[in-house]
Structure formats: C-alpha cells, structure tokens
Amino acid sequence: MSKKGDMYYAWTTDADLAKKAECGGAVSGLLKYALEKKIVDGVFAVTRGQDIYDAVPVIITDPKDIDKTAGSLHCGTLLLSKLVKKYLDGATNQKIAMTVKGCDMMGLYELAKRQQVNLDNIIMIGVNCGGTVSPVTARKMIAEKFGVDPDTVHKEEIDKGQFIIEYEGGHKGISIDELEEQGYGRRSNCRRCKLKVTRQADLACGNWGVIGDKAGKATFVEVCSAKGADLLDGAVKAGVIKTEAPNPKGLEIRAKVENAMYKLSDKWRKKDFEGLGEGRERLKKIVKETSRCIKCYACIENCPICYCVECSTKKPYLVKPGEVPPNFMFHLIRFAHIADSCVNCGQCQELCAMDIPNALFMHAQQVELEKMFGHVPGVDMSLPLLALVEEREERDRLSATGSDQIFDIFK
Ligand SMILES: Cc1cc2nc3c(=O)[nH]c(=O)nc-3n(C[C@H](O)[C@H](O)[C@H](O)COP(=O)(O)OP(=O)(O)OC[C@H]3O[C@@H](n4cnc5c(N)ncnc54)[C@H](O)[C@@H]3O)c2cc1C
Ligand code: SF4
Ligand code: SF4
Ligand code: SF4
C-alpha cells in the first residue's frame, strides 16, 4: 500500500494512451481508471483545440474520450479553478477528478476557503509546472527567434532550461534564459512562481527525475495524500498502471532541478519588484498604468479570490458609474480585498484588455504581506488574514513593536 511521501516511476498499460501522453501517461491512465470505476462522475482536464497553441478546458464523462486530453500544452495559460465554481457548481453535487498545475490547485484551495468549491468531491492530480507561455507570445517567439513558421510546429516543450519545438522538418531548442532576457518565454507571473511541484494536491506528477531506460516513458509520481494513494493503489491493482521504484540518481536530479527553479523564481521576483521602484515612484507608476483601465471587469471575473455576488467596484458610492478610466479607488478595492491571498496565477494580467500588469502589482504586495503576517495563500485550508483574527497573535504583534501604537507595525 502506498502512503504520503512515496515516489514511483509510473506508466499506463494502455498502448494508445501511452502514445498520446506526454511522458508515461500515468495521469491519463489514472483519470481513465477513476471514470471507469465510477470513483468520479466526470474528469476535468485540458484538450487541444485548433492547434498546439489552443488549450481548451473539457469535461469528460466517457472513459473512451480521455485520450483527447493526453499530453501537456505549454501554451495552456488557462486557470481551471474558477471554472469549477462557475460551470460545475463548485463540485457540490458531483465528484470530479482534475489535472491541476500549481496555480489551478492554489486557486481551488482559495475558493474552498471561501466555500465556493467542495474539495471533498475533487481529486486533484497535480502536474509539476515550469511555466506556461502565452499563445501569442509563443507564435511570435517561434517566428522571430526560431525562424520557423508557427503553423508547422506540432510539439513544444520546456526541458532542461530550453524551449524546444518539433516542426515539419526538424527540431530546435533555445535557452529559456536567453529568450526571457529578450522579452519572450514564459509569462512574467510564471517566472516568479514558486509552486513547481504540486505537493498539496493528491498526487504530484512530472517528468523531472525520470532517467535511464524509462526516460520519456514513465511519469514521476509523488503520493501526496491518502486519497492519492488509494487512487494509485487501485489503478495498479487493476493492472492499468504499472510502477517501479525511482532511480536514486533521478531523485537527486529532481531535487536539484526543483531547487534551481526556486532560485530562478527568486531572481525574477527581485528584478520585477525592484523594477517597480519605491515609495512615491512606485505609487505613481501604478496610478499611471492603471489609468488605462476600461472597466471591463475581466480581472475580477477571472480571479480565483474574487467570489462576491456584486463587487464593491460596482457600488456607485465607491466607483462612479459611467466614468472611464475609473477613479484609482477601483484598483485600491482590488488591492485591499485580494493582496493577502493572491496566488499569482496571472489571469488578471493576461486577460486585461489594456495590458495593465495587474498580477505584478498584486503579487508584489502579496509577497510583502506574507513576510509581515506569515500567511501563505493556496497551500492549505488556513483562513485568509481578515477572516481569522486571533487575540493572542494580535497582542504579540503589538507588543513586538515595543510601542502602544498600531501604526508602528507598518514602518
Ligand atoms: C504547462 C505544463 C508545464 C509543465 N512543466 C513541467 C516541468 O517543468 N517539469 C516537470 O517535471 N513536469 C512538467 N509538467 C508535467 C509533465 O509535462 C506531464 O504533464 C506529467 O509528467 C504527466 O505526464 P503523463 O504522461 O502522465 O501525462 P498525460 O497522461 O499526458 O496527461 C497530461 C495531463 O495534463 C493536462 N494538461 C495539459 N496541458 C495543461 C495545462 N496547460 N493546464 C492544465 N492541465 C493541462 C492534460 O489534460 C492531461 O490531463 C508540465 C505540465 C504542464 C501542463
Ligand atoms: S503560475 Fe506557476 S503553476 Fe501556474 S502556469 Fe505559471 S508556472 Fe505554472
Ligand atoms: S489577483 Fe490576479 S494573479 Fe492574483 S489571484 Fe487574482 S487573478 Fe490571480
Ligand atoms: S482587466 Fe484591465 S481593463 Fe479590465 S477592469 Fe481589469 S484592469 Fe481594467
């Protein structure tokens, strides 16, 4: 029997699925098994639409259709969590299994804290995530930097620090570092993201650490909960998934890559946050950028932290109706309500019609609030700061200032 912390090389025994899958097809094999055995009513995953740049969320109820969702789409910048609330009734009346990147998973935790989704009904199969590239940037990058027609590319991946494409007539790789220094590559929130291995999901799956004869043919699976262990054990017993012990050298490599990714994220955080300037300069920058806002509400609609029936930005006494750009209050309301819990998913930035770096502004604040209050969003069910005020903690915080004035905390 598996338990939390166990690690395996795993692969599907379904030859068709294995062909279409990214690595060993363990993720698709597990999803198919969960549907076949009626452990879940539906699977929520991502399928390829028009081309490799087009990632489409899909609900699958027939196990035969799981093969449509196999494979990783690195231009799939979508966030699945809020869709569960909006279109699947928060999984209140049905059980679902989902593939989740770090940000999908963090969004689910934040929605669950606000009672918008029921995690008891969701099996989260996590995938490691080194980052996603926006489809438009990817096309531009492939045309300009690789000198290849983006329509001839049939596979892309990010591996060993390179963005690699396979196209009609060959394959090419360019260092992600080099691409990003020149403004291409992963989304800026992904560069700053530190949720690389989804250990707060039920299983964490990836390709890091798979070496030797299993390289490319097995999925590295880390068991992260009893729910994950049951699913994996069941699938192995049913003969649909095979596992073996991971190569110890592979474990070492996996840990090294993970560490290197954290260092890289720290580098980008430093660079991005310092780029905002300090004090009045920072404020001016934020006011200037947000003054392009056309009040389309896309940032609010798509943020996994925004769950209100009617947003305060729509209250006439806070933000005057019929005025564009809105008063800075519009953005201050978002900062005040979200900054403590922002999971840096990037949706508010990517979907902004006016290219306002919303996620950067919010993430810069979240990181400072995390240092101040020690609250880490998206990784467990611990309540948001203002939903849980503890007398003891408040006393300690005040006494630690050595003053009887609360404003000293913010010095
Ligand atoms: C954007 C992205 C980046 C990744 N980066 C890394 C990495 O740096 N290091 C690493 O070790 N592993 C990474 N992975 C995980 C790896 O690519 C495989 O998904 C994992 O090893 C499972 O392999 P498999 O053959 O079992 O998956 P498969 O059986 O092929 O299943 C893949 C699953 O991922 C889902 N999926 C595809 N695209 C997306 C998307 N954009 N968002 C959410 N779900 C999606 C599919 O619907 C499917 O359920 C990444 C995955 C994705 C999606
Ligand atoms: S925010 Fe993190 S988990 Fe989400 S797509 Fe970017 S790198 Fe992956
Ligand atoms: S504020 Fe933006 S980056 Fe933060 S959780 Fe909301 S949508 Fe994601
Ligand atoms: S998405 Fe951009 S333009 Fe739309 S409301 Fe938000 S900040 Fe304003």
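Thresholds, definitions, all that
Residues numbered from 1 in each chain as written. Chains lettered and ligands numbered in written order. Predicted model: local features only at pLDDT ≥ 70, side-chain atom pairs only at ≥ 80, totals over all residues. Heavy atoms only, no water. Helix = DSSP H or I, 4+ residues; strand = E, 2+ residues; numbered from the N terminus. Rg over C-alpha atoms; globule rule 2.2 N^0.38 Å. Buried < 20%, exposed > 50% of the residue type's maximum accessible area, 1.4 Å probe, protein only. Contact = heavy atoms within 4.5 Å. Lys, Arg positive; Asp, Glu negative; His and termini not counted. Charge placed at Lys NZ, Arg CZ, Asp CG, Glu CD. Core = buried A, V, L, I, M, F, W, Y, C linked by side-chain atoms within 4.5 Å. Near = heavy atom within 4 Å. Nonpolar A, V, L, I, M, F, W, Y, C, P; charged D, E, K, R; others polar. Polar contact = N/O pair within 3.5 Å; in protein donor to acceptor, adjacent residues only side chain to side chain. Salt bridge = Lys/Arg side-chain N within 4 Å of Asp/Glu carboxyl O. Axes fitted to C-alpha atoms, helices over the stretch in contact; angles between N-to-C directions. Parallel < 35°, antiparallel > 145°, perpendicular 65-115°, else oblique. Pairing = 2+ DSSP bridges.

**Q** Any details on the overall build of the protein? Residues and values, ideally.
**A** In terms of regular secondary structure, the protein is built from 15 helices and 11 strands. The C-alpha atoms of the protein give 22 Å as radius of gyration, which agrees with the globular expectation for 411 residues (22 Å, within 12%). With 411 residues in all, the protein has 49% of them scored as buried. Taking the contacts inside the protein whose residues are at least 6 apart along the sequence as the reference set, 69% of them involve residues at least 24 apart. Here the protein contributes 59 positive and 57 negative side-chain charges, whose respective centroids are spaced 1 Å apart.

**Q** I'd love a proper account of the nonpolar core, names of residues and values included.
**A** Counting 28 residues, the largest nonpolar core has Val84, Met98, Met105, Leu108, Leu119, Ile122 and Met124 as its most contacted members. When contributions to this core are tallied by element, the ones reaching two or more residues are strand S4 (96-100), helix H4 (102-113) and strand S5 (122-127). By residue number, the principal contributor to this core is H4, which donates seven residues. Ignoring any residue separated from it by four or fewer positions in sequence, one finds Leu108 in contact with Ser81, Val84, Met98, Val100, Val117, Leu119, Ile122 and Met124.

**Q** Can you break down the site of ligand 3 residue by residue, with the values?
**A** Every one of the 13 residues lining ligand 3 counts as a neighbour, but Cys303, Cys342, Cys345, Gly346 and Cys348 are closest to it. Those elements giving two or more residues to the shell around ligand 3 turn out to be helix H12 (329-338) and helix H14 (358-373). In the shell around ligand 3, the residues fall into 10 nonpolar, two polar and one charged.

**Q** Explain helix H2 (residues 26-36) to me, using residue names and the numbers behind them.
**A** Where burial is concerned, most of H2 is hidden: 10 out of the 11 residues are buried. Of all the residues in H2, the buried ones are Ala26, Val27, Ser28, Gly29, Leu30, Leu31, Lys32, Tyr33, Ala34 and Leu35. A positive phi of about 55° marks Lys38, the residue just after H2.

**Q** Hey, could you go over the side chain of Thr69 for me, with residue numbers and the actual values?
**A** Topologically, Thr69 is positioned in the loop between strand S3 (55-60) and helix H3 (81-87). Look at Thr69 and you get buried, because its relative accessible area is 7%. A distance of 2.7 Å separates a polar atom in the side chain of Thr69 from the backbone oxygen of Ile66. Dropping the residues within four chain positions of it, Thr69 is found in contact with Ala45, Val46, Thr47, Val58 and Ile60.

**Q** Give a detailed account of the pattern of salt bridges, specifying residues and quantitative values.
**A** If charged atoms from side chains of opposite charge come close, those side chains can pair. Tallied over the entire structure, the rule returns 33 salt bridges. Ionic pairing is found between Glu180 and Arg191, a salt bridge with its closest N-O pair at 3.8 Å. With Glu180 in helix H6 (residues 176-181) and Arg191 in helix H7 (residues 188-192), this pair connects stretches of sequence that are 11 residues apart. The exposure classification of Glu180 matches that of Arg191, with both residues buried. Taken together, the shared-partner salt bridges connect Arg199, Glu222, Arg254 and Glu258 into one network.

**Q** Pulling in residues and values, what's your account of the packing of helix H9 (residues 248-275) against H14?
**A** The contact between H9 and H14 brings their axes to 10 Å, and the two run at 110°. Here H14 runs roughly perpendicular to H9, going by the angle between their axes. Residues Arg269, Asp272 and Phe273 of H9 pack against Leu360, His363, Ala364 and Val367 of H14. Classifying every residue of the contact of H9 with H14 by side-chain character gives four nonpolar, one polar and two charged.

**Q** Before we move on, can you summarise the site of ligand 2 with the specific residues and values?
**A** Around ligand 2 lies a shell formed by Lys101, Gly102, Cys103, Cys129, Gly131, Thr132, Arg187, Asn189, Cys190, Cys193, Lys196 and Asn344. Those elements giving two or more residues to the shell around ligand 2 turn out to be H4 and H7. For the shell around ligand 2, the residue count by class is four nonpolar, five polar and three charged.

**Q** I'd love a proper account of the sheet that holds strand S7 (residues 162-167), names of residues and values included.
**A** One key point about sheets: their strands pair by backbone hydrogen bonds, in either a parallel or an antiparallel sense. Ordered by their spatial adjacency, three strands build an open sheet running S6-S7-S8, and the pairing between neighbours is antiparallel. Every interior strand has two partners, whereas the edge strands, strand S6 (153-159) and strand S8 (170-175), have only one. For this sheet, the mean angle separating the axes of adjacent strands, direction not counted, is 15°. Sheet topology note: the S6/S7 ladder contains six bridges and is antiparallel. Directly across from Ile158, in S7, lies its bridge partner Phe163.

**Q** Talk me through the sheet that holds strand S10 (residues 219-223); I want residue IDs and the actual numbers.
**A** Strand order in the open sheet formed by eight strands is S3-S2-S4-S5-S9-S10-S1-S11, and the pairing between neighbours is mixed. The sheet is open, and its two borders are formed by S3 and strand S11 (241-244), each paired with just one other strand. The sheet shows a mean angle of 30° between the axes of neighbouring strands, taken without regard to direction. In this structure, S4 lies alongside S5, joined through five bridges in parallel fashion. Each bridged residue has a counterpart across the sheet, and for Ala97 the counterpart in S5 is Ile123.

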